[in-house]
Amino acid sequence: MKRIFSGIQPTGEIHLGNYVGAIRNWTYLQDEYDCVFCVVDYHAITIEYPVEEMKKRTLDTAIILLACGLSPERSKIFVQSHVPEHTELAWIFNTVTPIGEVERMTQFKDKARQHRANINMGLMDYPVLQAADILLYKAGYVPVGEDQVQHIELCREVARKFNTRFAPIFPEPEELLSMAPRILGVDGQSKMSKSLGNYIGILEEEDVVWEKLRTAVTDVNRVRRKDPGNPEVCNIYTIHRAFSDNAMLIEIDKGCTSAGIGCIDCKKMLFENVKRELTPVREKARELEKNMDYVVDVLEKGADACREIADATMEEVRATLGLYPPR
Ligand code: TRP
């Protein structure tokens, strides 16, 4: 069975964009692949963060993964810092990664701009650690959102460079993009993101979700109820495409373009579908919160299984590098 690796940062709050673009897709992939899913805390420390919240954010993220349907029977779910080989391999990859390649990463440039007071080596090394995450398990596929494609390309380059310089022991992993469209925030302008505050959290209460949807920006050219709208430029329609079936999409398309239905009608239909999908997730999360021993146990077993694979890879890597081994 082909192996998949993916990671998610412990931001503590996961929104519809993360869900549709990544996590939901991961749950589908569990049937077909040998899956490894990681809460990447070592990535998260490359920007300023509240130290006292990190533990909770990490556990909350794990809870969300489980609540969304990742299954510890089928997948390995763990915390990155519990398997130190990730950082060890990143160090080795540093020696084959051209500085020019990491300097031109879009995410690095964006983050360097946003965090001028702390442009640290870790920020620049971020994609190298990501390459180590993936290659430590020799994963062939990496399900990610579009914004991560550049990092996966870099991962292939790192693998290539290592393989050419030392020995061909790593695969060149490919990204697996989710079929779901990329959704914007409720402002209808920028990508949904926690830091921009334009997000709908997947564990938010129903009334909060409805209030955010009710006031979300639609087709800005549809000013009055009797104006026909254009679903193609409406973010609410895009979110419908991630949550509603074809029959409803056709109905909305017709209703919107003929001004047969208003934006509020359309949003109510969307809300029902979002609710149907996310209410069980929220309930499961609340249940897991009361059962932390189980969650901790899942993470421990995940890390144990991963350490075994990581250990074998690192032994091979050190031998390939020609290092003098301990007795
Ligand atoms: N950089 C990814 C993100 O921000 C998270 C991540 C870290 C990751 N390591 C990974 C994703 C390895 C895929 C594979 O979304």
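Residues numbered from 1 in each chain as written. Predicted model: local features only at pLDDT ≥ 70, side-chain atom pairs only at ≥ 80, totals over all residues. Heavy atoms only, no water.

Colleague: Tell me about the site of the ligand, residues and numbers included.
Modeller: If you check the shell around the ligand, you find 13 residues, and the closest are Gly 7, Tyr 126, Gln 130, Asp 133 and Gln 148. In the environment of the ligand, a nitrogen atom lies 3.0 Å from a nitrogen or oxygen atom belonging to the side chain of Gln 148. Burial of the ligand by the surrounding chains reaches 88%, relative to a free accessible area of 370 Å². Residue contributions to the shell around the ligand peak at four residues, all from helix H7 (residues 121-136). The class makeup of the residues in the shell around the ligand is six nonpolar, six polar and one charged. (Near = heavy atom within 4 Å. Polar contact = N/O pair within 3.5 Å; in protein donor to acceptor, adjacent residues only side chain to side chain. Areas by Shrake-Rupley, 256 points an atom, 1.4 Å probe, with all protein chains shown as cover. Helix = DSSP H or I, 4+ residues; strand = E, 2+ residues; numbered from the N terminus. Nonpolar A, V, L, I, M, F, W, Y, C, P; charged D, E, K, R; others polar.)

Colleague: Run through the pairing of strand E5 (residues 174-177), naming residues and quoting values.
Modeller: Strand residues, when the strand is regular, have side chains that alternate between the two faces of the sheet. Across four bridges, the pairing between strand E4 (residues 141-144) and E5 is parallel. Looking across to E5, one finds that Pro 143 is bridged to Leu 176. Regarding topology, helix H8 (residues 149-165) serves as the crossover connection from E4 to the parallel E5, and that connection is right-handed. (Pairing = 2+ DSSP bridges. Right-handed = clockwise from strand over helix to strand, strands pointing away.)

Colleague: Could you give an account of a nonpolar patch on the surface, naming the residues involved and the relevant values?
Modeller: Together, Tyr 42, Ile 45, Tyr 49 and Val 51 make up an exposed nonpolar region whose accessible area comes to about 350 Å². Structurally, Tyr 49 is set in the loop between helix H2 (41-44) and helix H3 (54-68). (Patch = residues over 30% accessible without salt bridge, like charges linked within 9 Å, V, L, I, M, F, W, Y side chains within 5 Å. Salt bridge = Lys/Arg side-chain N within 4 Å of Asp/Glu carboxyl O.)

Colleague: Could you give me a rundown of the environment of Val 158, with the residues and numbers involved?
Modeller: Considering the arrangement of structural elements, one finds Val 158 in helix H8. Residue class for Val 158 comes out buried when judged on its relative accessible area of 1%. Spatially, the C-alpha atoms of Val 158 and Glu 172 are 8.8 Å apart, while their sequence positions differ by 14 residues. In this structure, Val 158 is in contact with Phe 93, Val 96, Thr 97 and Ala 131, ignoring residues within four places of it in sequence. (Buried < 20%, exposed > 50% of the residue type's maximum accessible area, 1.4 Å probe, protein only. Contact = heavy atoms within 4.5 Å.)

Colleague: Give a detailed account of the nonpolar core, specifying residues and quantitative values.
Modeller: Ranked by size, the top nonpolar core spans 58 residues in total, and within it Ile 4, Leu 16, Leu 65, Ile 202, Leu 213 and Phe 243 carry the most contacts. The element best represented in this core is helix H12 (residues 263-289), accounting for nine residues. Sequence-distant contacts of Ile 4, that is, excluding residues within four places in its chain, are made with Leu 29, Tyr 33, Asp 34, Cys 35, Val 36, Phe 37, Ala 139, Tyr 141, Pro 143 and Leu 176. Phe 93, Ala 132, Tyr 137 and Val 158 belong to the second-largest nonpolar core, a separate cluster that totals 41 residues. (Core = buried A, V, L, I, M, F, W, Y, C linked by side-chain atoms within 4.5 Å.)

Colleague: Explain helix H1 (residues 16-29) residue by residue, including any values.
Modeller: The end-to-end C-alpha distance of H1, which contains 14 residues, comes to 19 Å, matching closely the 20 Å that a straight helix rising 1.5 Å per residue would cover. Within H1, the axis deviates most sharply at Ala 22, by approximately 30 degrees. Within H1, eleven of the 14 residues are buried, which leaves the element mostly enclosed by the surrounding structure. Buried within H1 are the following residues: Leu 16, Gly 17, Tyr 19, Val 20, Ala 22, Ile 23, Arg 24, Asn 25, Trp 26, Thr 27 and Leu 29. (Expected span 1.5 Å × (residues − 1). Bend = angle between axes of the 7 residues up to and from the residue.)

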